[in-house]
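Listed below are the residues making up each chain.
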Amino acid sequence: MNKNISSIAFKDNNLIIKNSSNSIKIEKSINFDKDNELHIDVSPADQTQRIVLDVDTHDDETFNLKIFLKINENAKLEFLDESTYKGNSNFELITKLEKNACLESYKLNKFNKNKINNFYHDCSLLESSSFKDYIFSNGSKENLNRTTINLNDINSSYLGSGVAISDSTNSNNVVEIRHNAKSSTSDCFFKTVARGNSTISFDGTIFVDNHCSKTISNQVSKGLLIGKESKINLVPKLEIYNDDVQCSHGAASGQPDAKTLFYLTSRGISKTEAEDLYIKGFLSEFFDTIDNAQMMTKAKEYISLNN
Amino acid sequence: MIEIKNLNVSVEENKILNNLSLTVKTGEVHAITGPNGSGKSTIAHTLAGNPNYIVESGSVNFNNKNLLEMEPTERSLEGLFLAFQYPIEIPGVSNASYLRQILNSHRKHQGLEPIDAAEFLKLLKEKSALLKMPMEMHSRFVNSGFSGGEKKKNEVLQMDLLNPKLIIMDETDSGLDVDALKLTADVVNQMRSEKRSLIIVTHYLRLLEYIKPDYVHIFQNGQIIESGDHTLASRIDKEGYE
């Protein structure tokens, strides 16, 4: 399974493999063991390879999945998870990026507001490898997204963006970025829109070890409170043990600007439509970070459907 | 068209309008002028339904409906348009999609189908040309990065697109150069009709050289202290408010 795979998708417990010409053929069925554990090794190919995870789980069962993903030297991979989790779920992703490896991950999940859904991602990066991470979530009864990034070698980089759009759902987002080698970079950007009685939290830690000079790390988190009962907690944390670094963080949350909403409604659109336009504007800043046109379209569609 | 009776309005517990009464009949153009802080913009925002402006007492009848009971959205759909002195920037929303959305809201209210993209583009080109607004501006975000004059033109463009019954222009002339002022006045004069009324709030009187009002009112301390025809504007221009 490690040669020239352009995409993998799960459907009805079948493993669907797309070849490089993008035609689909089912190579074999997989009967998951009870832990649903899968090991994937990605080797370099002529073009970027892609894994698509598109499961639609039942609301009366808990879906567990654990993927070990190794991206070998010079390999490039896109990971797209467009799953709809109707029931409880636990998804654990453990990734290792070798020298010069690239990973772009897009999670555009839909959750059931009455369920519990956990996503854990532990990612380690070696020399000059890069990881771009985009997580979209509409929240659930208890929705945890926990990401740990280990920048273990020189010039490794992480760009992480998260968007939580909730309507009386909850979302707990924890990102820990550990700069364990010098000259590594990270950029973390989190935005959330909270409607109804949602509670959204973002806990972002930047850790820079004492030998990690020339580290560059930025973190921004912003929240928009639409619902009168909604709550947003943004907690940026810096643990920096080296003076020769450039690090910044910022956090801001608040309600939509009343002047803007009045301007929009004075043009004849309803308050709800005005809020939707406001949210569109608020989240648009996020799109600037997505280079991949196809993924940008998917991200816009996701936001449009969940807004 | 609109009848304001004994209107008292406060902002953050400061009384701004004092027992204001004003009637604007259909087809009439009224200009409101006065020194800084006299309450000119307050009347404009109160009529448009800005929630920061608290109506303490009084009544406003707009085409036989109680305007003060209406939300800003409803006031707009009923035909009232306020051109803002300080138009708001909306990053992330393209001007074209915004303009189409507000137009379609009005069309829906009028029982019309949404305008299709091609027809809208044609209309937008036609209206923009009148104001010498390049079409490129409409792919930019609403008012974001627009100069002061461009923002004001965008207000006049919205006014033209929505075809309101009552136009309230809150210092639309400020920030416009002489050419832009003339263009704006041309569009407003084209919109002038027996079925439409205008209230022009202005600090400077140059606009009134191009748009001759039927009545000019001088505001002071939230009240009209003097009314007259367009010659009153000329007198103020020469003698000042004192």
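None of the values given here were measured: they were computed from a predicted structure. (Residues numbered from 1 in each chain as written. Chains lettered and ligands numbered in written order. Predicted model: local features only at pLDDT ≥ 70, side-chain atom pairs only at ≥ 80, totals over all residues.)

A. Spotlight on the overall build of chain A. Along chain A, the regular secondary structure elements total three helices and 21 strands. Counting the 307 residues in chain A, one finds 43% classified as buried. Contacts spanning at least 24 positions in sequence make up 80% of the contacts within chain A whose residues lie at least 6 apart. (Helix = DSSP H or I, 4+ residues; strand = E, 2+ residues; numbered from the N terminus. Buried ≥ 20, exposed ≤ 12 C-beta atoms within 10 Å, placed from the backbone. Contact = placed C-beta atoms within 7 Å.)

B. Main features of the nonpolar core. Ranked by size, the top nonpolar core spans 126 residues in total, and within it Ile-71 of chain A together with Leu-47, Phe-81, Ala-83, Ile-168 and Ile-200 of chain B carry the most contacts. A domain split of this core shows at least three residues from each of domain 1 (1-87 + 164-242) and domain 2 (92-145) of chain B. Excluding anything up to four places from it in sequence, Ile-71 of chain A contacts Val-42, Leu-77, Thr-95, Leu-97, Glu-98, Ala-101 and Leu-103 of chain A. (Core = buried A, V, L, I, M, F, W, Y, C linked by C-beta atoms within 7 Å. Domains from an automatic or database assignment.)

C. Local environment of the interface of chain A and chain B. The interface is formed by 17 residues belonging to chain A together with 22 residues belonging to chain B. Of all the secondary structure elements, the ones that give two or more residues to the side of chain A that touches chain B are α1 (258-265) and α2 (271-287) of chain A. In terms of residues, the side of chain A that touches chain B owes the most to one element, α2 of chain A, which gives seven residues. Across the side of chain A that touches chain B, the residue classes break down as five nonpolar, seven polar and five charged. (Nonpolar A, V, L, I, M, F, W, Y, C, P; charged D, E, K, R; others polar.)

D. Expanded view of the pairing of strand β16 (residues 170-179) of chain A. All names here are of chain A. Here β16 lies mainly inside the structure; seven of its 10 residues are buried. The sheet contact formed by strand β14 (residues 142-151) and β16 spans eight bridges and is parallel. Paired with Thr-148 across the strands is Glu-176, a residue of β16. (Pairing = 2+ DSSP bridges.)

E. Structural context of the pairing of strand β4 (residues 53-62) of chain B. All names here are of chain B. Sheet analysis places strand β1 (residues 2-11) next to β4, joined by eight bridges and oriented antiparallel. Its bridge partner lying in β4, Val-11 is registered against Tyr-53. The sheet contact formed by β4 and strand β5 (residues 65-66) spans two bridges and is antiparallel. Bridge pairing in β5 places Asn-61 opposite Asn-66. In sequence, β4 turns back onto β5 through a hairpin of two residues, with Asn-63 there showing a positive phi of about 50 degrees.

F. Structural context of the sheet that holds strand β11 (residues 215-220) of chain B. Residues and elements named next belong to chain B. The six strands lie next to each other as β6-β9-β10-β3-β11-β12, forming an open sheet whose pairing is mixed. Both outer strands of the open sheet, β6 (80-83) and β12 (223-228), are each paired with one neighbouring strand and no more. Averaged over neighbouring strand pairs, the angle between their axes works out to 20 degrees when direction is ignored. The pairing of β6 with strand β9 (residues 166-170) spans four bridges and is parallel. Bridge pairing in β9 links Phe-81 to Ile-167. Along the sheet, helix α1 (residues 40-48) makes contact with β3 (29-33), β6, β9, β10 (197-202) and β11, crossing β9 at roughly 140 degrees. Seen against the sheet, helix α5 (residues 148-162) touches β6 and β9 and runs at an angle of roughly 170 degrees to β6. (Axes fitted to C-alpha atoms, helices over the stretch in contact; angles between N-to-C directions.)

G. Highlighting the confidence of the model for chain A. Across chain A, pLDDT averages 85, with 88% of residues at or above 70. This model gives residues 10-15 of chain A a pLDDT under 50, and the stretch forms 17 contacts once residues within four places in sequence are excluded. (pLDDT = per-residue confidence, 0-100.)

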